[in-house]
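Residue strings, one per chain:
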Amino acid sequence: MQTVSLSLFRFDGTAARLWALAMMGMTRLSLPKIDGIGFWKLCGSGTGEGFTPIPNTAVYAILATWPNEATARDRTQHSKLFDRYRQRASEDWSLYLTPVSTRGAWSDRTPFASQTDSGHGPIAALTRASVRPSVALKFWGRVPDISQVIGTDPNVLFKIGIGEVPLLHQITFSIWPDTSSMAHFARRDGPHAQAIQAVRDGAWFSEELYARFRIAGESGSWEGQSPRILKEVLT
């Protein structure tokens, strides 16, 4: 059963951040050599909670697919590359995700293999889009309003914006206590719904992917703990 890992690393201090930036090139050569890894992406993040076009040089992410959860845990916790990141980082957090639905493509591939949804536990939503350069300014003009709405939603357990290429290749990742709370946010009228309609009407994206996951487990911490009630939900 495929497992997807999302590993976040936070770097404090100029030396550590310069190291992480330099590794953006070297890591792309090393990741494919890790035994068992499938699809992978190395991402930076935006300032604030990540939903901005201004790069955050402190936070980086590695997303990868693995044949099963045991392999995902072993490689993210014990492979040389992940160990190097962990030794330099002031904080790291890995989530292990079971894909339950996917639609669209990422780099002309369908990276996630959907499995039967258990219906239990928190659910994560990942959206990934390639923004057409001609509408990038319009797209980013919508993002601050969406970010504010997500940030004030009492149900969201965790949220972050990451990306492969600043401004043009963007990923949003959020965790919700259940499917109904996530669906309520997505469907209610407001900046998010208006932005989705604008995307559809204007064909802003050249490629899109939407995926949902159940949280299989975690390791490490973020901001000193598991975000909000996530630890209690998983234990």
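Provided above is the structure to which this section pertains.
None of the values given here were measured: they were computed from a predicted structure. Once a new chain begins, its residue numbering starts again from 1 and follows that chain's sequence as written. In view of the model being predicted, local features appear only for residues whose pLDDT reaches at least 70, and side-chain atom pairs are presented and counted only at 80 or more, with totals across whole chains, interfaces and linings using the full set of residues. Only hydrogens and water are set aside when side-chain values are computed; all heavy atoms of the structure are taken into account.

Asker: How would you explain the overall build of the protein if you had to name every residue and give the values?
Answerer: The helix and strand tally for the protein stands at seven helices and eight strands. For the protein, buried positions account for 51% of its 235 residues. Only DSSP runs of H or I covering at least 4 residues are called helices, and only runs of E covering at least 2 are called strands; the numbering of each starts at the N terminus. Relative accessibility under 20% of the residue-type maximum defines a buried residue, over 50% an exposed one, and the middle range a partly exposed one, all with a 1.4 Å probe and only protein chains included.

Asker: Please provide a residue-by-residue account of the nonpolar core, values included.
Answerer: If you look at the biggest cluster of nonpolar residues, it comprises 28 residues, and the most contacted ones within it are F173 and I175. Listed by contribution, the elements that provide at least two residues to this core are strand 1 (3–10), strand 3 (55–66), strand 4 (91–104), strand 5 (123–131), strand 6 (158–165), strand 7 (169–176) and strand 8 (205–220). Here, the term nonpolar core denotes a set of buried Ala, Val, Leu, Ile, Met, Phe, Trp, Tyr and Cys residues that are joined through side-chain atoms within 4.5 Å. If you look at the next biggest cluster of nonpolar residues, it comprises 21 residues, including M23, I37, A64 and L81.

Asker: Break down helix 3 (residues 80–88) for me, citing the residues and quoting the values.
Answerer: One turn of the α-helix equals 3.6 residues, which is why residues spaced by three or four share an orientation. Restricting attention to buried positions, one finds in helix 3 the residues L81, F82, Y85 and R86. Each buried residue of helix 3 sits inside an arc of 135 degrees when the element is viewed along its axis, so together they form one side. Set apart from the buried face of helix 3 by more than 90 degrees, the exposed residues are K80 and Q87. In what follows, residue pairs with any heavy atoms lying within 4.5 Å of each other are defined as contacts. Residues of helix 3 that are buried sit in contact with strand 1, helix 1 (14–30), strand 2 (40–46), strand 3, helix 2 (69–78) and strand 4. Working definition: the arc comes from the directions between the helix axis and the C-beta atoms, pointing outward to the latter.

Asker: Quick rundown of the pairing of strand 2? Include the residues and the values.
Answerer: Among the seven residues that make up strand 2, six are buried, leaving the element largely enclosed by the rest of the structure. A pair of strands counts as paired when DSSP detects no fewer than two bridges linking them. Direction of pairing for strand 2 relative to strand 3: antiparallel, over a ladder of six bridges. Bridge assignment links W40 to a residue of strand 3, and that residue is A64. The pairing of strand 2 with strand 6 spans two bridges and is antiparallel. In the sheet register, S45 faces strand 6, and the bridge partner there is I162.

Asker: Summarise the side chain of N56; cite the residues concerned and give the values.
Answerer: Note that N56 resides in strand 3. Engagement of the side chain of N56 in a polar contact is seen with the backbone nitrogen of A58, the distance being 3.0 Å. When neighbours within four sequence positions are excluded, N56 is seen to be in contact with S45, G46 and T47. By the criterion applied in these results, polar contacts are pairs of N or O atoms within 3.5 Å in which, for protein atoms, one can donate a hydrogen and the other can accept it, and in which residues neighboring in sequence qualify only through two side-chain atoms.

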